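Observations on chain architecture
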Amino acid sequence: DVSGFAILSETMDAEEVGDLMNALWQRWDAVIIEHGGVIDMHMGGSVMALWGVREAREDDAERAIRAALFMRSELEAFGAERQMDLAIRAGLNNGPVLLGDVGTTGELSAIGDAVNLASRLKGAAPTGGVLISHDTYRHVRGVFVVLEQGPLQVKGKARPVHTYLVQQAKPRAFRMLMRGVAGIE
């Protein structure tokens, strides 16, 4: 979600907003696709993307978070180019969904509790923040620098939800090749 999209829409001509968002969608959509995601829908200043739709991968949660972090960087650059103060608010959750036709138009979409929670996390994320559920965190533990958040009471959930604010990806360790050690070149 582009934080402040409603205010932006209020202060600009509708065509200008459309042009601005289409330019942003080109950048964000490319990031999502490059990270193995599928775009479910664009709505106002938000985009909903899914991972594991065509093919489930062990690192789908990691790919989704990396996409959100790249989207944050893209939005910052996009805003700087246009001298606008823009920020992301992202919510990510893992879980089963029903992927199928919605309504009478044949629109393909994901529905279910996992989608609802992701949307609630997006709404609870601080400006500039990427907020993930514990279900997502357990798939990426150790890959990202995160700040554990206090339990979050979410509409539609009987119990508070444990969440984590993703700061950045941790630097990857690499294996050094050593010569002269038995079995290692």
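Summarised in this report is the structure supplied together with it. The model shown is predicted, which means the values in this text are computed figures rather than measured ones.

Glancing now at the pattern of salt bridges. Tallying each qualifying case throughout the model produces eight salt bridges. As a salt-bridge pair, Glu74 and Arg27 come within 2.7 Å of each other at their nearest N and O atoms. Remark: Arg27 occurs in helix 2 (residues 14-34) and Glu74 occurs in helix 3 (residues 60-81); sequence separation between them is 47 residues. In this structure, the salt-bridge partner of Lys157 is Asp113, at a minimum N-O distance of 2.5 Å. Placement of Lys157 in the loop between strand 9 (144-148) and strand 10 (163-169) and of Asp113 in helix 4 (residues 113-124) is noted, with a sequence separation of 44 residues between them. Here Lys157 falls in the partly exposed class, since its relative accessible area comes to 25%. One network of salt bridges, with partners in common, ties together Arg27, Glu74, Glu81 and Arg82.

Another point: the packing of aromatic side chains. Under the criterion given, the structure shown has two aromatic pairs. Summarising the aromatic geometry, the rings of Trp25 and Trp28 are spaced 5.8 Å apart at their centres and angled 55 degrees between planes, so their arrangement reads as tilted. One end of the pair, Trp25, and the other, Trp28, are both in helix 2, three residues apart, so they sit about a helical turn from each other. Residue Trp25 shares its accessibility class with Trp28, and that shared class is buried. Plain terms: the ring middles of Tyr137 and Tyr164 are 4.0 Å apart, the flat faces sit at 15 degrees to each other, and that makes the pair stacked. With a gap of 27 residues between them, Tyr137 in helix 5 (residues 134-140) and Tyr164 in strand 10 connect regions that are remote in the sequence. Both residues of the pair, Tyr137 and Tyr164, count as buried.

So, how was this worked out
- Residues numbered from 1 in each chain as written.
- Predicted model: local features only at pLDDT ≥ 70, side-chain atom pairs only at ≥ 80, totals over all residues.
- Heavy atoms only, no water.
- Salt bridge = Lys/Arg side-chain N within 4 Å of Asp/Glu carboxyl O.
- Helix = DSSP H or I, 4+ residues; strand = E, 2+ residues; numbered from the N terminus.
- Buried < 20%, exposed > 50% of the residue type's maximum accessible area, 1.4 Å probe, protein only.
- Phe/Tyr/Trp six-rings, centres within 6.5 Å; stacked < 30°, edge-to-face > 60°.

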